[in-house]
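Residues per chain are reported as follows:
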Amino acid sequence: MKPFLLLLVFLPFYLFGQTHISGTVVDTESNNPVTNATVYLDGTTKGTTTDKDGNFTLKNSSYPCQLIISHVSYDVKAIPLANFHDSNLTISLMPRLVKMSEFRVMDKNERVKNINTFRKWFLGSDYWGENAEIVNDSILFFEFRTDSIKQAIDESELKTEDAQEGVLRDVFSVKADGPLMIRLPMLGYNLRVDLINFTYTENYVDNTSIGMFIGFYHFSPFERMSNRDKRVFKNNRRRAYYHSRQHFLHSLIEGRLAENGYEIKGFVQQENGLSMLTEITIDTCIHWEKGLYKICGLKDQVIHIKYAENWNGKPLDLTRRYPDKSYRSRAHFTGDTVNVYTSGNTPGQKLMFSGYISQKKTGAFLPEDYSPDDEL
């Protein structure tokens, strides 16, 4: 099977202090208020809309956070808020000048194929992705191209060029003409995605494929749930959370990898000069600074991850028992410093996953403040 790297690029922050966030949203050119704009904290269930005067208030908000303002007639705006001093805001939105629909390919068969490809790599092809539903796929715009690339002189990067020499790679990219609405019926959420860009690249240099999407997320729990629904959703959310990117990073920064079913290994050089895959710890690489964790010194390193679970699907405590069966993944560090927020999310493009963890995509996403102990 061809290796697949999953790169998620969204910019969530997470809670330390709580207060209200209020402000006014206006048009950059006319300075008129923007009504019915959606305002939310990225990756959470907290959101509201602006009133007729462009005003909004988000109660019981957590800092630091990423405030997202979205309207179909304007470019999406993201504002990092460090503390409550930023809570009274005037926010200007830039009118959207180009409609994606003007460039949409009209061939029906090709469009169906593109939608199915996007579903596979964006929602996932596992249980969660197969059951997720894109409500408004008519707003999606697709582009497919083939690039010619060749190795740079210092072999430290790949450059895209028009030269005849080099190796081909296929790039499939997707944008949306407005917010993408997704139902997660197995998890009990409606998910709004302000998709900035999605790309899926098959790279023939090293025979890998890379999926990258940049965007912002807002979760709305289903409004009507029976007691049975609540039990089902609670159990499903736990299943989706365990052995996910979010669960692994939570366990890593909390120093509870083994208790949560994880064992990590890396290639360590032995006395004879050979490298051997050996159990390691990276605690000394993790530092706390300005409201987030920083993982330093692992650029170009690949961490091999093994995960084990109990018969009931919960993590197996490896400090008490060694597993009979495990699932394998890898974490690829592409930067000197990887920032990890207490939500378990990472901004930027410096950490990618392959293997089992990468199979859980948007169809298995949960709010960043989710906890398995949460009651519905």
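Because the structure is predicted, anything quoted here is derived from the model rather than measured. (Residues numbered from 1 in each chain as written. Predicted model: local features only at pLDDT ≥ 70, side-chain atom pairs only at ≥ 80, totals over all residues. Heavy atoms only, no water.)

Peer 1: I'd like a rundown of the overall build of the protein chain, residues and numbers included.
Peer 2: A count of helical and extended segments in the protein chain gives four helices and 23 strands. Each of the 376 residues in the protein chain was classed as buried or not, and the buried ones make up 48%. Intrachain contacts of the protein chain at a sequence separation of at least 6 include 66% that bridge at least 24 residues. (Helix = DSSP H or I, 4+ residues; strand = E, 2+ residues; numbered from the N terminus. Buried < 20%, exposed > 50% of the residue type's maximum accessible area, 1.4 Å probe, protein only. Contact = heavy atoms within 4.5 Å.)

Peer 1: Describe in detail the sheet that holds strand β19 (residues 292-296), supporting the description with residues and values.
Peer 2: In space, the three strands of this open sheet follow the order β18-β19-β22, with antiparallel pairing throughout. Each end of this open sheet is capped by a strand with a single partner; those strands are β18 (286-289) and β22 (337-340). Within the sheet, the average angular offset between the axes of one strand and its neighbour, ignoring direction, is 30 degrees. Examined bridge by bridge, β19 and β22 share four bridges and lie antiparallel to one another. (Pairing = 2+ DSSP bridges. Axes fitted to C-alpha atoms, helices over the stretch in contact; angles between N-to-C directions.)

Peer 1: Give me the lowdown on empty space enclosed by the protein, citing residues and values where you can.
Peer 2: In the structure shown here, the tally under the stated rule is two cavities of 30 Å³ or more. What the second largest cavity holds in volume is close to 50 Å³. Along its surface, the second largest cavity is lined by Gly261, Glu263, Lys306, Tyr307, Ala308, Leu318, Tyr322, Pro323 and Ser326. Classifying every residue of the lining of the second largest cavity gives five nonpolar, two polar and two charged. (1 Å grid on protein atoms, 1.4 Å probe; cavity = no way out; pocket = protein on both sides within 12 Å on 5 of 7 lines; lining within 4 Å. Points joined across faces, edges and corners; volume = space filled by probe spheres on them. Nonpolar A, V, L, I, M, F, W, Y, C, P; charged D, E, K, R; others polar.)

Peer 1: Would you mind going over the pattern of salt bridges in detail, with residue names and values included?
Peer 2: Under the definition given, this model contains eight salt bridges. In this structure, Asp177 engages Arg96 in a salt bridge whose closest nitrogen and oxygen atoms are separated by 3.4 Å. With Asp177 in the loop between β12 (167-176) and β13 (180-184) and Arg96 in the loop between β8 (88-93) and α1 (108-123), this pair connects stretches of sequence that are 81 residues apart. Owing to a relative accessible area of 17%, Asp177 belongs among the buried residues under this scheme. The residue Glu263 makes a salt bridge to Lys306 at a minimum N-O spacing of 3.9 Å. Pair noted here: Glu263 is in strand β16 (residues 262-269) and Lys306 is in strand β20 (residues 302-307), with a separation of 43 residues, a long-range link. A single network of salt bridges, built from pairs that share partners, joins Glu263, Lys265 and Lys306. (Salt bridge = Lys/Arg side-chain N within 4 Å of Asp/Glu carboxyl O.)

Peer 1: I'd like to hear about the environment of Leu81, residue by residue, with values.
Peer 2: Counting through the fold element by element, Leu81 comes out in strand β7 (residues 77-81). For the pair formed by Leu81 and Ser62, sequence separation is 19 residues and the distance between their alpha carbons is 9.6 Å.

Peer 1: Please provide a residue-by-residue account of the nonpolar core, values included.
Peer 2: Core analysis: the largest hydrophobic core is formed by 56 residues, its most contacted members being Phe118, Phe122, Ile182, Phe198 and Phe248. With six residues, the single largest contributor to this core is strand β14 (residues 189-203). For Phe122, the residues in contact, after removing those within four places along its chain, are Leu180, Ile182, Val193, Leu195, Phe198, Phe213, Tyr217, Lys361, Thr362 and Gly363. Counting 17 residues, the second-largest nonpolar core is a separate cluster that includes Val34, Leu58, Ile69 and Leu81. (Core = buried A, V, L, I, M, F, W, Y, C linked by side-chain atoms within 4.5 Å.)

Peer 1: Give a detailed account of the state of the cysteines, specifying residues and quantitative values.
Peer 2: Tallying each qualifying case throughout the model produces zero disulfides. There is no disulfide at Cys296, and the cysteine sulfur nearest it, in Cys285, is 7.8 Å away. Take Cys296: its relative accessible area is 24%, and that puts it in the partly exposed class. (Disulfide = S-S within 2.5 Å.)

Peer 1: Break down the environment of Ser209 for me, with residues and values.
Peer 2: By secondary structure assignment, the location of Ser209 is in strand β15 (residues 208-221). Among the residues examined, Ser209 registers a relative accessible area of 2% and is labelled buried. Along the primary structure Ser209 and Ser354 are separated by 145 residues, whereas in three dimensions their C-alpha atoms are 9.9 Å apart.

Peer 1: Got a sec to walk through unusual backbone geometry? Specific residues and values, please.
Peer 2: One non-glycine residue, Asn36, lies in positive phi territory at about 60 degrees. The topology assignment puts Asn36 in the loop between β2 (17-27) and β3 (38-41). Residue classification places Asn36 among the exposed positions, given a relative accessible area of 57%. One non-glycine residue, Asp300, lies in positive phi territory at about 70 degrees.

Peer 1: Describe helix α3 (residues 227-241), with residues and values.
Peer 2: The end-to-end C-alpha distance of α3, which contains 15 residues, comes to 21 Å, matching closely the 21 Å that a straight helix rising 1.5 Å per residue would cover. By the burial criterion, the buried members of α3 are Phe233, Lys234, Asn236, Arg237, Ala240 and Tyr241. Buried positions along α3 lie against α2 (127-131), β14 and α4 (245-253). Looking one or two residues beyond α3, the residue adopting positive phi is His243, at roughly 60 degrees. (Expected span 1.5 Å × (residues − 1).)

Peer 1: Before we move on, could you go through α1 and cite the residues and values that matter?
Peer 2: Compared with an ideal rise of 1.5 Å per residue, which puts 16 residues at 22 Å, α1 spans 21 Å between its outermost C-alpha atoms and is within 8% of the ideal. Regarding α1, the residues found buried are Arg111, Asn114, Ile115, Phe118, Trp121, Phe122 and Leu123. An end-on view of α1 places all buried positions within 160 degrees of arc, on one side of the element. Turned more than 90 degrees off the buried face of α1, the exposed positions are Asn109 and Lys113. Directly after α1, the chain includes Gly124, whose backbone phi takes a positive value near 110 degrees. (Arc of directions from axis to C-beta.)

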